[in-house]
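# Close look at the chain arrangement
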Amino acid sequence: MQIKTMLATVKTRSLQIFQRFGYSLLPATCIVCQLPAGRAMDLCAECEIHLHNDAPRCTQCALPLGSAPTTVFCGQCLQKPPPFTRTLCLGDYLPPLDGLLNDLKFNHHLAGAKVLGNLFADKIQRAYANRILPQCIIPIPLHKQRLRERGFNQAIELGRIMSKQLQLPLKIGNVKRRRNTSPQRILTAIERRKNLRAAFVVGNVQADYVALLDDVMTTGTTVRELSCALLKAGVKRVDVWCVARTFLK
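From a predicted model like this one, the values you see are computed outputs, not experimental measurements.

### With respect to the pattern of salt bridges
One pass over the full model with this rule turns up 6 salt bridges. Two residues, Arg160 and Glu157, come together in a salt bridge whose shortest N-O distance is 3.8 Å. With Arg160 and Glu157 both in helix 7 (residues 154-166), this residue pair falls 3 residues apart, about one helical turn. Between Arg237 and Asp239 there is a salt bridge, with its nearest N and O atoms 3.0 Å apart.

### Quick word on the side chain of Gln154
Note on placement: Gln154 falls in helix 7. Residue classification places Gln154 among the buried positions, given a relative accessible area of 4%. Once residues lying within four places of it in the same chain are set aside, the contact partners of Gln154 are Leu104, Lys105 and Asp215.

### With respect to helix 7
Because an α-helix packs 3.6 residues into every turn, residues spaced three or four apart end up facing the same way. In a regular helix each residue adds 1.5 Å, so 13 residues correspond to 18 Å; helix 7 covers 18 Å between its end C-alpha atoms and thus fits that length. Within the span of helix 7, buried status applies to Gln154, Ala155, Ile156, Glu157, Leu158, Gly159, Met162, Ser163 and Leu166. Where the residues of helix 7 are buried, they touch helix 4 (97-107), helix 5 (111-127), strand 2 (136-139), helix 6 (144-150), strand 5 (209-217) and strand 6 (237-245). Put simply, Asn153 is the residue that caps the front of helix 7, since its side-chain oxygen is 2.9 Å from the backbone nitrogen of Ala155. Gln167 sits one or two residues past helix 7 and shows a positive phi near 60°.

Conventions we followed
Residues numbered from 1 in each chain as written. Predicted model: local features only at pLDDT ≥ 70, side-chain atom pairs only at ≥ 80, totals over all residues. Heavy atoms only, no water. Salt bridge = Lys/Arg side-chain N within 4 Å of Asp/Glu carboxyl O. Helix = DSSP H or I, 4+ residues; strand = E, 2+ residues; numbered from the N terminus. Buried < 20%, exposed > 50% of the residue type's maximum accessible area, 1.4 Å probe, protein only. Contact = heavy atoms within 4.5 Å. Expected span 1.5 Å × (residues − 1). Polar contact = N/O pair within 3.5 Å; in protein donor to acceptor, adjacent residues only side chain to side chain.

Honestly, that's just the spatial picture; any functional story needs more than this.
Below, the structure written as structure tokens:
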């Protein structure tokens, strides 16, 4: 018993030493420019600057408001408020953020999920510094057939990182897609709304205040439909967290 305890202690201390000094032995490489990152994370400081965009945005849907906004809401949200209360994003769907998300989504580059998840969690902590955080994170679900084809859900991979850093439970399986809908990226705004009508089914979420997590938000159709389903199921408030914000021209 004493030998096992000693071995466990040595293993734990060795791991701590490696975590503390391992960076100097195995320097990180920036996932954007492929040069030495110069720090422990796989992203150099210069490339990190290009991932953020803190320009004024609509509080409710995160669309840009221009350089000198006179309101905190865009015209669309003022005329027809969405069912979710607040939207936060890391930046716009532009280089290099779009490339990192595409590599994650289609090429299984999970290093991007770790980098983006940690950066986004940092931003969320700052944004909710004087506010109550949602009680849980709900990644936008994929249909089981799409999940088999792709092999993983990028929103879940991002959520695993963010859940740990924010110390919030990650709800997987409480919300499902009842239909294998067409990919939203190939559809127009009108087609997107028809495509996702009644597409989600909500189980027992056991939370009054939730955050929906997705990689990209364009028209907001997906989070709108799922928010409505959650509110009908008894959830009181829904916030949206999307890594990148874009829109159809």
